[in-house]
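A structural walkthrough
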Amino acid sequence: MALIVHKYGGTSMGSTERIRNVAKRVAKWARAGHRMVVVPSAMSGETNRLLGLAKDLMPDAHSAQAQRELDMIASTGEQVSVGLLALALQAEGMQAVSYTGWQVGIRTDDSYTKARIQSIDDKRIQADLDAGRVVVITGFQGIDPDGSITTLGRGGSDTSAVAVAAAIRADECLIYTDVDGVYTTDPRVVPEARRLSTISFEEMLEMASLGSKVLQIRSVEFAGKYRVPLRVLSSFTPWDIDLNEEARSGTLITFEEDEKMEKAVVSGIAFNRDEAKLTVLGVPDKPGIAYQILGAVADANIDIDVIIQNVSHDGRTDFSFTVHRNDFKRVTELLETEVVPKLGASRVIGDPRICKVSIVGIGMKSHVGVAARMFRALSEEGINIQMISTSEIKTSVVIDEKYMELAVRALHRAFELDGQAA
Ligand code: ADP
Ligand code: ASP
Ligand code: MG
């Protein structure tokens, strides 16, 4: 008998029929003697629908007051899901109870729309488990120190599930989704992508942070910090498949590097089309420039990703960086109205139609020439690289968005991922 957390994503919760299947699967685990906590997302499309309603009323909801209301609105999708799932479990003859984030003390900071979980009070959950109930807890939401509802950023139910698993010291957290594990790249873009039976925590962290939305980055961070055993698997297998077979399926995130992993130079390819590039042209090349440009952006609470400063000509240089595409308009305005006049720079040009493609692998630590192989594969396809960023276990390039799929496929081939066994 183990203490298990299941998380079900939006597609898995997409209709009453699918919710019934989730309930049957959870009931199977509970009847096998496991203590069960379930964290579902909103039904597919629901969070987008809710945020769309908000956008109709306020297209640029940037103020703290407005963002508070966005969270009030978006969090309701998960409240509907937990109620429906608890009902479906009761209809299966199980004892089940649903809770919202605040009812089980999921405390966060007050960064609305991207709040961070600070603590979870596990008393109520433990009491229900002791009483033999399946506990169903909302994903995606929490409560800030003032008692306002917060949300954890898109894809945040993964993080709720792992944080709950850490708080109750669960034996394993199973993330059920619409693919049967973590693949070498998004199987929707590269049909030849292969499922990995294991992936190291470090690699999963990079893949998630570089755009593989199969797991939200913070869920991987939590799993690492609290050593939560984490597995990604399919919710679309028949609910009554053998439990032991199901428990071994999918992809396990591992904390130790095994021999097989060391062999693969590149384990996966991630991409992100949510970024936009800005360039400040004709910046006087003197100390403090990077600080003055990026400091102003950071003060507006906007995250910056890849940065490039070009060599100078005649005492002037160009300075480029990327931000989230949602922040593109705001940053352009900020640069034009504040930074350009202050620095005496020439002007700002922007390109929202870029994307970032990255290769990830712990094998890169011990192999040379990996980046060169990446650049060769891209050049053979005639793809121009606009920016480059590297770390120990990844290399990212910024390219024109229209070449994204071509680049991902070319790199998947170049690093022989098509043929790699799971
Ligand atoms: P859920 O609603 O279950 O949280 P998501 O849509 O958030 O599901 O995440 C699952 C999706 O992640 C898959 O359908 C797939 O298209 C995408 N994805 C991106 N990169 C990968 C990858 N490397 N392996 C598997 N899936 C990936
Ligand atoms: N429902 C939220 C979203 O669509 C959270 C999640 O699905 O993980 O982003
Ligand atoms: Mg998700």
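Report follows, based on the coordinates.

So, how was this worked out
- Residues numbered from 1 in each chain as written.
- Chains lettered and ligands numbered in written order.
- Predicted model: local features only at pLDDT ≥ 70, side-chain atom pairs only at ≥ 80, totals over all residues.
- Heavy atoms only, no water.
- Helix = DSSP H or I, 4+ residues; strand = E, 2+ residues; numbered from the N terminus.
- Rg over C-alpha atoms; globule rule 2.2 N^0.38 Å.
- Buried < 20%, exposed > 50% of the residue type's maximum accessible area, 1.4 Å probe, protein only.
- Contact = heavy atoms within 4.5 Å.
- Areas by Shrake-Rupley, 256 points an atom, 1.4 Å probe, with all protein chains shown as cover.
- Lys, Arg positive; Asp, Glu negative; His and termini not counted.
- Charge placed at Lys NZ, Arg CZ, Asp CG, Glu CD.
- Polar contact = N/O pair within 3.5 Å; in protein donor to acceptor, adjacent residues only side chain to side chain.
- Near = heavy atom within 4 Å.
- Nonpolar A, V, L, I, M, F, W, Y, C, P; charged D, E, K, R; others polar.
- Pairing = 2+ DSSP bridges.
- Axes fitted to C-alpha atoms, helices over the stretch in contact; angles between N-to-C directions.
- Core = buried A, V, L, I, M, F, W, Y, C linked by side-chain atoms within 4.5 Å.
- Parallel < 35°, antiparallel > 145°, perpendicular 65-115°, else oblique.
- Left-handed = near helix turned anticlockwise from the far one by under 90°.

This paragraph deals with the overall build of the protein. Helices and strands together make up the secondary structure of the protein, namely 14 helices and 20 strands. A globule of 422 residues ought to have a C-alpha radius of gyration of about 22 Å, and the protein, at 23 Å, matches this closely. Each principal axis of the C-alpha atoms in the protein carries an extent, and together these give about 75 × 50 × 30 Å. Relative to its full complement of 422 residues, the protein shows a buried share of 53%. Counting contacts in the protein only where the partners sit at least 6 residues apart, residues at least 24 apart contribute 76% of the total. As presented, the protein carries roughly 19,200 Å² of accessible surface, and 48% of it is formed by carbon and sulfur atoms. Between the centroid of the 48 positive side chains of the protein and the centroid of its 57 negative side chains there is a distance of 2 Å.

A separate point is the side chain of Thr100. Of note, Thr100 is situated in the loop between strand E3 (96–99) and strand E4 (106–108). For Thr100, a relative accessible area of 7% translates into the label buried. A distance of 3.2 Å separates polar atoms of two side chains, one belonging to Thr100 and the other to Trp102. When neighbours within four sequence positions are excluded, Thr100 is seen to be in contact with Gln79, Thr138 and Gln141.

On to the site of ligand 2. In the region of ligand 2, the neighbouring residues are Ser41, Ala42, Thr47, Glu78, Phe140, Arg154, Gly155, Gly156 and Ser157. Arg154 is positioned with one of its side-chain polar atoms (N or O) 2.7 Å from an oxygen atom of ligand 2. A distance of 3.3 Å separates an oxygen atom of ligand 2 from a polar backbone atom of Gly156. Along the lines of polarity and charge, the residues of the shell around ligand 2 split into 2 nonpolar, 5 polar and 2 charged.

The next subject is the pairing of strand E9 (residues 172–177). In terms of residue burial, E9 counts as a mostly covered element, since 6 of its 6 residues are buried. Burial along E9 is two-sided: the residues Glu172, Leu174 and Tyr176 and Cys173, Ile175 and Thr177 are all buried. Where strand E1 (residues 3–8) meets E9, 5 bridges bridge the pair, whose relative direction is parallel. The residue bridging Lys7 from the neighbouring strand is Ile175, located in E9. Pairing geometry for E9 and strand E11 (residues 230–234), over 5 bridges, is parallel. Opposite Tyr176, over in E11, you have Leu233 as the bridge partner.

On to the sheet that holds strand E14 (residues 275–284). Reading across from one edge, E15-E16-E14-E17 is the order of the 4 strands in this open sheet, with antiparallel pairing throughout. What marks the edges here is a single partner per strand, and that holds for strand E15 (304–309) and strand E17 (347–351). Strand after strand, the sheet turns through a mean of 20 degrees between neighbouring axes, direction not considered. Strand direction decides the pairing type here: E14 and E17, joined by 5 bridges, are antiparallel. Bridge assignment links Val280 to a residue of E17, and that residue is Val348. Along the sheet face, helix H11 (residues 289–299) touches E14, E15 and strand E16 (316–324) and points at about 25 degrees away from the line of E16.

What follows is about the site of ligand 1. Within the structure, ligand 1 sits among 17 residues, and Thr177, Asp178, Tyr183, Asp186 and Arg188 are positioned closest to it. Here an oxygen atom of ligand 1 and a side-chain polar atom of Thr177 are 2.6 Å apart. Taking 580 Å² as the accessible area of ligand 1 by itself, protein coverage stands at 91%. Across the shell around ligand 1, the residue classes break down as 6 nonpolar, 6 polar and 5 charged.

The next thing to look at is the side chain of Thr322. Among the secondary structure elements, Thr322 is positioned in strand E16. Polar side-chain contacts of Thr322 include one of 2.7 Å to the side chain of Glu275. The contact partners of Thr322, leaving out residues within four places of it in the chain, are Glu275, Ala276, Lys277, Asp303, Ile304, Asp305, Val306, Ile354, Met387 and Val398.

Burial of nonpolar side chains together is a common tendency in soluble globular proteins. Within the largest apolar cluster, 44 residues are counted, with the highest numbers of intra-cluster contacts made by Val5, Val37, Ile137 and Cys173. Leave out the neighbours within four places in its chain, and Ile137 touches Val37, Val38, Val39, Pro40, Val82, Tyr99, Val104, Ile106, Ile125 and Val164. Counting residues in each nonpolar core, the second largest holds 26 residues, with Ile19, Val22, Leu85 and Val136 among its members.

Interhelical geometry of helix H7 (residues 201–209) versus helix H8 (residues 217–226) gives an angle of 160 degrees and a closest axis separation of 8 Å. When the interaxial angle is binned, H7 and H8 end up roughly antiparallel. Taken as a pair, H7 and H8 cross one another with a handedness that is left-handed. Counting all contacts with H7, which are made through Phe201, Met204, Leu205, Ala208 and Ser209, the residues of H8 involved are Ile217, Val220, Glu221 and Gly224. Taken together, the residues of the contact of H7 with H8 break down into 6 nonpolar, 2 polar and 1 charged.

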